[in-house]
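# A structural walkthrough
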Amino acid sequence: MTEKISYKETLNLPQTSFPMKASLAQREPSLLKEWDDQKLYERLRKHAAGKHKYTLHDGPPYANGHIHIGHALNKVLKDIIIKYKTLRGFDAHYVPGWDCHGLPIELQCLKAMEKRKDQVERVAFRKEARRYAEKFIAVQREEFERLGVFGDWDRPYLTMNFEYQATIAESFLKLAEAGYIYQGLKPVPWCWDCETALADAELEYEDKTSSAVYVAFEAVASEKQVVGTQPLSFLVWTTTPWTLPANVGIALNPGVQYAIAKTDKGNFIFAKKLLEMIRERLELKRVEILKEGKGSDLQLESFQVRHPFMERIVKVIHADYVSDTDGTGFVHIAPGHGEEDYRYGHQENGLEILSPVDSRGRFTREFSACEGTHVFKANEAICEILKKNNRLLATESHQHSYPHCWRCKKPIIFRATHQWFLKVDHLELRKKMQDAIQRQVQFTPEWGKNRIGSMVESRPEWCLSRQRFWGVPIPIVSCSQCHKLFIKESKDKILDIFRKEGADAWFANPASEFLPGGFQCPGCKSSAFEKEDDIIDVWFDSGVSHQAVLKHNPELTYPADLYLDGSDQHRGWFQSALTTGIALDGNPPYKGVLTHGFVVDGQGRKMSKSAGNVVAPQDVIKEYGADILRLWVSSCDYQFDVRLSNEIVKQLADAYRKIR
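Since the structure is predicted, the reported quantities are computational estimates derived from the model, not experimental observations.

Here four strands make up an open sheet; going across it, the order is β1-β23-β24-β17 and the pairing parallel. The open sheet has two free edges, formed respectively by β1 (56-57) and β17 (442-444), since each of these has just one partner strand. Note that β1 and strand β23 (residues 562-566) share two bridges and pair parallel. Opposite Leu56, over in β23, you have Leu562 as the bridge partner.

What follows deals with empty space enclosed by the protein. Per the stated rule, a full pass over the model turns up one cavity of 30 Å³ or more. Forming the walls of the largest cavity are 15 residues, and the residues nearest its centre are Gly102, Leu103, Glu202, Arg466 and Val538. Elements with a contribution of two residues or more to the lining of the largest cavity: α5 (103-113), β5 (196-197) and β22 (535-536). A class-by-class count of the residues in the lining of the largest cavity yields nine nonpolar, two polar and four charged.

Side-chain direction in a regular strand flips from residue to residue, so the side chains alternate between the two faces of the sheet. Covered by surrounding structure in strand β8 (residues 249-252) are Gly249 and Ala251 together with Ile250 and Leu252, the residues of both alternating faces. Pairing geometry for β8 and strand β13 (residues 313-318), over four bridges, is parallel. Its bridge partner lying in β13, Ala251 is registered against Ile317. Where β8 lies against strand β14 (residues 331-333), three bridges are found, and the strand directions are antiparallel. Its bridge partner lying in β14, Ile250 is registered against His332.

So, about the packing of aromatic side chains. For any pair of aromatic rings, geometry is given as the distance between the ring centres together with the angle between the planes. Overall, the coordinates contain 30 aromatic pairs when judged by the stated rule. Consider the rings of Phe144 and Trp153, whose centres lie 6.0 Å apart with planes at 20°: the pair is stacked. Seen from their ring centres, Trp506 and Phe514 are 4.8 Å apart, and the 40° between their planes marks the pair as tilted. Assessed through its relative accessible area of 0%, Trp506 is described here as buried. Within the aromatic cluster, the residues linked to one another by ring pairs are Phe234, Tyr258, Phe303 and Phe330. Between the NZ or CZ atom of Lys83 and the centre of the ring of Phe150, over which it lies, the distance is 4.0 Å. Directly above the ring of Trp190 sits Arg415, whose terminal nitrogen or CZ lies 4.5 Å from the centroid.

Rules used in this analysis
Residues numbered from 1 in each chain as written. Predicted model: local features only at pLDDT ≥ 70, side-chain atom pairs only at ≥ 80, totals over all residues. Heavy atoms only, no water. Pairing = 2+ DSSP bridges. Helix = DSSP H or I, 4+ residues; strand = E, 2+ residues; numbered from the N terminus. 1 Å grid on protein atoms, 1.4 Å probe; cavity = no way out; pocket = protein on both sides within 12 Å on 5 of 7 lines; lining within 4 Å. Points joined across faces, edges and corners; volume = space filled by probe spheres on them. Nonpolar A, V, L, I, M, F, W, Y, C, P; charged D, E, K, R; others polar. Buried < 20%, exposed > 50% of the residue type's maximum accessible area, 1.4 Å probe, protein only. Phe/Tyr/Trp six-rings, centres within 6.5 Å; stacked < 30°, edge-to-face > 60°. Lys NZ or Arg CZ within 6 Å of the ring centre and 35° of its normal.

This is how it looks when you write it as structure tokens:
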């Protein structure tokens, strides 16, 4: 439907008493007040009643701090589209929302209280977090309205509303009933500073310099087949010496050409292609190739290998991701500290999962030599142990891209813990997501299709549990004796209590409160139950907004016509919404996805307080007025990173005067 109506007909208002003059910063608040007094948005809604609906679903910002220039770009873009669609004759109702749970708010509350999470009482802390979120919802709402953004500001959606919290729990339980959810022991990205598991979307990659080591893993069997009575060692290179205590295997690529060589520092096996680099790094004076061949031909998996400093025999396995482009052609396998290690070591070869590291990133008594030492500080001690055992052949500094926590900005670790996961390949979910990306969703710009498509193709299982306080709990009740899960038995009562009392009730009441009266475990007949302490990943909170908002609000449509957000949301909200939408309903929750770039300074550099190049929307509005920011948004190519500086703002103000 493209019915054309005039601006005058749409507004149907008397002549404003504020014609376009100078001093926007002073005049705009009065103009906004006049529109509010005249109930302009309500009159627009009444005028659009009965017309074809157009739904732009708002991606919720965190209720944390004042808005920044990226928020201004995002909200004004949405406002332009909503107003355009309204003028084209659509019923374009805009419901703003806020993401209220999660780590950003929790950390700010703990900072204000000057406490760590283990020093606060959970229910009382959650009430404090709610008050904090409410405070900044009010702050941000006022700032968004000051930008001239029209919307249903009196009835926004909040992920901490009781009904929304119940919908989060309901969506989780529906997925669990359908077989998508399971609890397992596997390595996940772990922030030792925030003490929680992280989602893939919560990782930022920065350059990091690590201590790389060349380690000799001595063979203890079958060596006579190749070098007579002389010792033979597999040469392994790693940039994470701290993971060696958890080593249980060595991986090789059966298609790579390997060499067994006699050198002045011992007899080693390594990828032949890397010979010259290894000769240089190990400062070898003499190298004699005794035998060579593909990994599959040399039958290296028949070797038994001794761990370089633990009383342990490690297994040699095949893994096709091992390459001969760097390192040595062998990768040490610690299934407790890496996704690929877990897959090839544990899932395909049954190797044990070891992870002697606590939630703060410190070694436990399982590795007594460094008990209590942070893993990153233990690298030097581990190198000393290797040297003492004559297993350290060389060390070097290695700069590489490494994942960091999006909140505290510290480098993370991978650590095996019991977590709740969503199986991305259950019932062909990944394939259905890829098909929807290619065939059902319109991406603007077009390259967004390939970007999110490649991310979905390679994404791991979704770790849904977080070891934090502020959020919706994992709504699982189980038997304390036999650990049977009671999903169907507890579902109705959980949802009923959440709708009436909110998710705080989960932490205030015993597990039995969420089961029918007099309930006993049908298996072991126990009446003792337990509930999960972890909360659900906040990307799940916002990801199911199509269930909590679009389906619950008759003024909106499901699926939405458009999701609009920054290009980083291909990893975040766009993907979490697509995952849950297809898993729950079989279709994507949106018809179209529009992405915009980031705001950078006049030279194209990332804005940061330390660089002193941040342009705050509040400062621009105070000096020039919101219309200057709106002119900037409407004139920029939002598909790419957008430049803004004080000089650009001044140029826009001059251009505005000429337009006027």
